Each structure stands twice: as structure tokens, then as C-alpha cells.
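Geometric and topological summary
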Amino acid sequence: MNKTVASAQNDWGPFRRPLFNDPSARALSRVGVVDVGSNSVRMVVFDGAARSPAYFFNEKIMCALGSGMAQTGRLNPEGRVRALAALKRFRMLGEAMGTGPLSAVATAAVREAEDGPSFRDEVERETGIKLWVVDGQEEARLSAQGVLLGWPGAYGLVCDIGGSSMELAEINGGEVGNRISSDLGPLKLRELQGGKKARKELIRDTLSDMHKALGPQEDRLFLVGGSWRAIAKIDMARRGYPLLVLHEYRMTPKAVRDTADYISLTNLESLKAQADVSSARISLVPHAAEVLREIVKMFKPHDIAVSSYGIREGLLYEQMPQRLRDRDPLIESCHFAESKDARRPGQGKVTYNFIEPLFRKASADRIRLIKAACLLHDVSWRSHPDYRAEDCFENATRSNLGGLKHSERIFLGLALHYRYSNSSSGTRFEKLLPLVSPKEAYEAKILGKAMRLAAMLWFDTERPSAELQWFPKKRLIELKLSEDISPLFGEVAQARFASLAETLEASTKVTF
């Protein structure tokens, strides 16, 4: 953060208070963040796991503050009224939710409008909210940090599009590098004189200059912003993609070109209905698609990932001590869920230690998912038994978890489903199964059945009293039980052990 700005904000940026006093903390007290953009004004309230905060509240009002600025140089008068009304509502909601003072950031429209300072003063006078107006470089940095919140150690190019601007920022090994801001926001492009030819020329020339400034960027392209998410929704609808989770949705360069063509040839009302995009947003999508097509052509990324995390999440990341940043957001959120909802917090680690011999040759990425599953294996116990297995799958695949590819969501969901059920056939999520390979589905089944067995033995978290051993060459699975817990190995536990062995195509041995 710029030192002058930091000092002016008592070294805590827009929050004006420390959020992570204890670097070992797993929980985050409720925090309200407001993003005043050129197109929308949004309030998000974060809560829960400090490294992977949950969205306690999320509301967006389409105000189009930047509409018409190309002609007037001033904020859209109607949008200004709507934005002020939204901020008054958000202030009251924040008070009711106990967020403390809302932290508000304003981007391109407010920073560029000649009446931006008067709007900022009016907001503070009418609501008590202080707007922290950031320049394009700072906006790019904060958005890139938001991506790092969900992808620790990620590398590539972050592209954040708002209504009036578009920013690019390099990330590598958890650090934000070079960054640059432009006027390629769809609101500005829509108002550009000269039609499609003028837009194409401006987009090409601007991106050419950005490419020269940043150099080759052929790794992953991370897309941040509402217009990119709308394009991703359209791509999902065009492909018939079964998992409607935008975060970590992947597109190839060819898919971007095909979807851009599809957008240019399809009626906006039809696109709006297909992808469930608002009228205000869909009107900007064709211009955003023109920009994205040229970005992909110019920078040649090897793949494209959609990020639901951006400037608001970047503000949280800004305050995190490095020890907290270095933690895995998936594991942290699972730890938090276990401590909050499991019947016996701490059982997840014991369960993992019990089943780990089955996965001795697993990759680090797979071990990470196995640990997550063990931490979550008992958090859904309050669900009705008839729906518990499917609830587990839904929670894993559709919850707002960072650091999870779509295939990993399905793997985790399947494992937790098999924790409570022997079969996945006939379920309403069968259409999602093609997102994992047959091998991954098989491994998830083994994991789920192993956790299902472990749950029957009700381990002492301080003194493990059962041990599982796996001899793959002999196709033998052995269960060692201490004498004092042998009564726990009753008929149901025996049946679950047999079911696990059947899945492994192994013989069994039990010793006391």
C-alpha cells in the first residue's frame, strides 16, 4: 500500500482498524466491505474462517455511476441518487449485523468524475461512510490480491474489468508484480463515438501498449469482474455445463472465441434468459466480449479461470499477516467448519491418520482433498438421514470454498456422499460425475467408505485405538483394534469394513 495513503488511514487502509491481530487466529470477526464501482455498488459482509472468509451477506445495486461520463465528465445524476440510497441502506444493515464501521472503496467513476470529491463528501455527510478512492494501479493490486486469497502461490495475469476501466496485474508465487490500468471498461466503450470500428481500433491499440509494458504473459489468465462472470455464465449455458459455480470455472482460448462469436450473433434478451444475467449487465456484455477476445489473442494464455474474488477480498488479504496468507484456504475453512459444526471437533485429524495408509502413494493435491474430506466428514450430522448424503455433496460442490477446481469439488462431494451412502446411482447429481475421471470417482468411493468405517469406531481423539493397514500387492486390508474398543466392532462396523474391502477388491483381516 502507498505509504502516504496508509498513514492517512492509520496504517489500516479503508478499515481503519486491524482485522487480524492474532496471526494464529482461525476465525474472522464480522467485517463489512463496500465497493463503489462505475456500474454497481456492492456490500459484502465477511465472517467465518480468517483465511477463507464466508460470505455472510452479499448485495449489489446496479447504479451505473459512470454512465454518460464520456460526454459530461460527471457522475450519472440518477446513478448518484441510487448509489447514495444504497449506501444508506448498507450502513443500516452493517449496524444491524454488527460489522463495525463499513470499509468502502471507490474506483474509476468516482476517481475520474469532476464531481467525484463532492459525491465522496456527500456520502460521508449523509451516511458516515468514508470512501477510500483508489487509483488504477492500486485497484489492480487489490484485485490481484483477491485472486491470491483464493489461489495461494498462483501465477499468471489478473484482468479486472469494471464499468469504466480495465486493469491488468501480474502475480507470481504469491506476489503482485507489474500492473497497469486502462479505459477499456464497457460503459466507456458503449459511449465511444464511431461504432464497432472505433471500438476495435481502441481495444487493439490499448492492449498492444499494455502488452508491450507487461511483456509475454502466456500462463493462466484470471478474470475478475461482473462482465467477465456474465460471459462465463453464457459460456456455461452454450456448453450445457452442469456445475453452475463461477469460481474456478475454466475456459480455453477457443471457448472464449466461440462464446464471443455466440454473443455477437445472439439477441441480448435471449442471452439474458439463458444465462440469468440482469438487463443492466447484459447490455455491457457485447463490448466486454470484444475486449476479452482481443486479450486472449494478444496475450495467448494457456487457459482462463474465472475468479469470484476481487478487490473486496483483496482488502482482507492486504491486512493478513504472512503466516496467515501462507495457509491453505480450503483446509482453513474445513477446520473452521469442523470446530463449529462437528459433533467431536478434532475427530477429522484422527480419521485422517486412520485412513492414511490407504493413500500412501497419493499426490500432494490428492492428500489435501483427503484431509479436507476428513475434516468435513461429520459436519452435516444435523441433516435428515434420508438426505444427508446428498446434502454433503451439495455443500462440497456449491459452497464458496477457495482453492478448489471444479473436478476437485466433485471429488470432495463424492467422498462425503459415500461417507453416508453406499451408492451414488439414481441421485440428482449424476450429471456432474463426468467432470471427474473414472479413476477419481473410484478413489472418492474408497475415501468415503473408509471414513464411513472410521465413524463407527468413535475414536478417542487423544489416544487412537484402531489402526488400518493396506497391503496392495497382497490385496489385503487389515484392521487392528485395541482390546478395550473391540465391542465397537459390531455388526454394522463389520459390514462397513467388508464394503470397503469389496471396493478395494481385497481380503480382510481383523486383529485385537
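Residues numbered from 1 in each chain as written. Predicted model: local features only at pLDDT ≥ 70, side-chain atom pairs only at ≥ 80, totals over all residues. Heavy atoms only, no water.

Under an unreviewed UniProt entry, the name given to the protein chain is Guanosine-5'-triphosphate,3'-diphosphate pyrophosphatase, and the organism recorded is Roseovarius albus.

1. Things to note about the overall build of the protein chain
Counting secondary structure elements, the protein chain contains 22 helices and 14 strands. Its C-alpha atoms give the protein chain a radius of gyration of 25 Å, near enough to 24 Å, the size a compact globule of 512 residues would have. Counting only C-alpha atoms, the protein chain reaches 80 × 50 × 40 Å along its principal axes. Looking at the protein chain as a whole, 56% of its 512 residues are labelled buried. (Helix = DSSP H or I, 4+ residues; strand = E, 2+ residues; numbered from the N terminus. Rg over C-alpha atoms; globule rule 2.2 N^0.38 Å. Buried < 20%, exposed > 50% of the residue type's maximum accessible area, 1.4 Å probe, protein only.)

2. Quick word on the confidence of the model for the protein chain
Of the residues in the protein chain, 96% have a pLDDT of 70 or more, and the chain-wide mean is 91. In the model, residues 1–10 has pLDDT below 50 throughout and makes 13 contacts with residues more than four positions away in sequence or in other chains. (pLDDT = per-residue confidence, 0-100. Contact = heavy atoms within 4.5 Å.)

3. Notes on the UniProt feature "domain: Ppx/GppA phosphatase N-terminal" (unreviewed entry) in the protein chain
Feature annotation in UniProt places "domain: Ppx/GppA phosphatase N-terminal" (unreviewed entry) on residues 45–322, given in this structure's numbering. For residues 45–322, the end-to-end C-alpha separation is 23 Å, with 53% helix and 19% strand making up the annotated structure. (UniProt positions renumbered as here; feature names shortened; annotations may be inferred.)

4. Focus on the domain arrangement of the protein chain
Taken domain by domain, the protein chain consists of domain 1 (13–133), domain 2 (137–313) and domain 3 (328–510). For domain 1 and domain 3, the distance between their C-alpha centroids amounts to 41 Å. Contacts between the two partners involve seven residues from domain 1 and, on the opposite side, eight residues from domain 3. Overall, the association of domain 1 and domain 3 removes approximately 710 Å² of surface from exposure, summing both partners, and the carbon and sulfur fraction of that is 60%. One can count zero salt bridges joining domain 1 with domain 3. Counting across the interface, domain 1 meets domain 3 through zero residue pairs in polar contact (both at pLDDT 80 or more). (Domains from an automatic or database assignment. Buried area = accessible area lost by both parts, 1.4 Å probe. Salt bridge = Lys/Arg side-chain N within 4 Å of Asp/Glu carboxyl O. Polar contact = N/O pair within 3.5 Å; in protein donor to acceptor, adjacent residues only side chain to side chain.)

5. Here's the deal with the sheet that holds strand E12 (residues 466–471)
On the basis of which strands lie adjacent, the open sheet formed by three strands has the order E12-E13-E14 and mixed pairing. On the outer flanks of this sheet lie E12 and strand E14 (507–511), each paired with one strand and no other. Pairs of neighbouring strands in the sheet enclose a mean axial angle of 15°, with direction left out of account. As paired strands, E12 and strand E13 (residues 476–481) are joined by six bridges and run antiparallel to one another. Among the inter-strand pairings, glutamine 469 is bridged to a residue of E13, identified as glutamate 478. Contacts from helix H22 (residues 491–504) reach E12, E13 and E14, with the element oriented near 155° to E13. (Pairing = 2+ DSSP bridges. Axes fitted to C-alpha atoms, helices over the stretch in contact; angles between N-to-C directions.)

6. Concerning the nonpolar core
Core analysis: the biggest nonpolar cluster contains 102 residues, and Met166, Trp228, Leu358 and Ile477 have the highest contact counts within it. Among the elements that make up this core, the one with the highest residue count is helix H13 (residues 285–299) (nine residues). When neighbours within four sequence positions are excluded, isoleucine 477 is seen to be in contact with Leu358, Leu468, Gln469, Trp470, Phe497, Leu500, Ala501, Leu504, Ala506, Ser507, Thr508 and Lys509. Formed by 33 residues, the second largest nonpolar core is a distinct cluster that contains Leu19, Trp132, Tyr309 and Leu315. (Core = buried A, V, L, I, M, F, W, Y, C linked by side-chain atoms within 4.5 Å.)

7. Here we look at the pattern of salt bridges
Overall, the coordinates contain 33 salt bridges when judged by the stated rule. We note a salt bridge from aspartate 303 to arginine 250, for which the minimum N-O separation is 3.0 Å. One end of the pair, aspartate 303, is in strand E11 (residues 303–307); the other, arginine 250, is in strand E10 (residues 250–251), and 53 residues separate them in sequence. Relative accessible area serves as the criterion here: at 25%, arginine 250 is assigned to the partly exposed category. A salt bridge links lysine 254 to aspartate 258; the nearest nitrogen and oxygen atoms lie 2.7 Å apart. Of this pair, lysine 254 and aspartate 258 both sit in helix H10 (residues 253–265), four residues apart, which is roughly one turn of the helix. Because the salt bridges share partners, they merge into one network encompassing Arg74, Arg80, Glu114, Asp115 and Glu122.

8. Quick look at the packing of helix H19 (residues 388–398) against helix H20 (residues 406–420)
Relative orientation and spacing of two packed helices are given, respectively, by the angle between their axes and the distance between those axes. Where H19 contacts H20, the two axes come as close as 8 Å, and the packing angle between them is 160°. As judged from the angle between their axes, H19 and H20 are roughly antiparallel. In the crossing of H19 with H20, the sense of the turn from one axis to the other is right-handed. On the side of H19, the interface is formed by Arg388, Ala389, Glu390, Cys392, Phe393, Ala396, Thr397 and Arg398, while H20 contributes Arg409, Ile410, Leu412, Gly413, Leu414, Leu416, His417 and Tyr420. (Parallel < 35°, antiparallel > 145°, perpendicular 65-115°, else oblique. Left-handed = near helix turned anticlockwise from the far one by under 90°.)

9. Some thoughts on the sheet that holds strand E6 (residues 156–161)
Pairing is mixed across the open sheet formed by six strands, whose spatial order is E8-E7-E6-E9-E11-E10. At either end of the open sheet lies a strand with only one pairing partner, and these are strand E8 (175–182) and E10. Taken together, the five bridges between strand E9 (residues 220–224) and E11 define a ladder with parallel strand orientation. Opposite arginine 220, over in E11, you have aspartate 303 as the bridge partner. Packing of helix H9 (residues 226–239) onto the sheet brings it into contact with E6, strand E7 (166–172), E9, E10 and E11, and relative to E6 it is tilted by some 105°.

10. A look at the pairing of strand E4 (residues 103–106)
Here E4 shows a buried face lined by Ser103 and Val105 and a second buried face lined by Ala104 and Ala106. With four bridges joining them, strand E1 (residues 27–36) and E4 adopt parallel strand pairing. The residue of E4 that forms the bridge with valine 34 is alanine 104. As paired strands, E4 and strand E5 (residues 131–133) are joined by three bridges and run parallel to one another. Residue alanine 106 lies in a different strand from E5, and its bridge partner there is valine 133.

11. Brief notes about the side chain of arginine 368
With respect to the secondary-structure elements, arginine 368 resides in helix H18 (residues 364–376). Classification of arginine 368 by relative accessible area gives buried; the value is 17%. From its side chain, arginine 368 meets the backbone oxygen of glycine 403 in a polar contact 2.7 Å long. Every residue in contact with arginine 368, bar those within four places of it in the chain, is listed here: Asp328, Leu330, Ile331, Gly402, Gly403 and Glu408.

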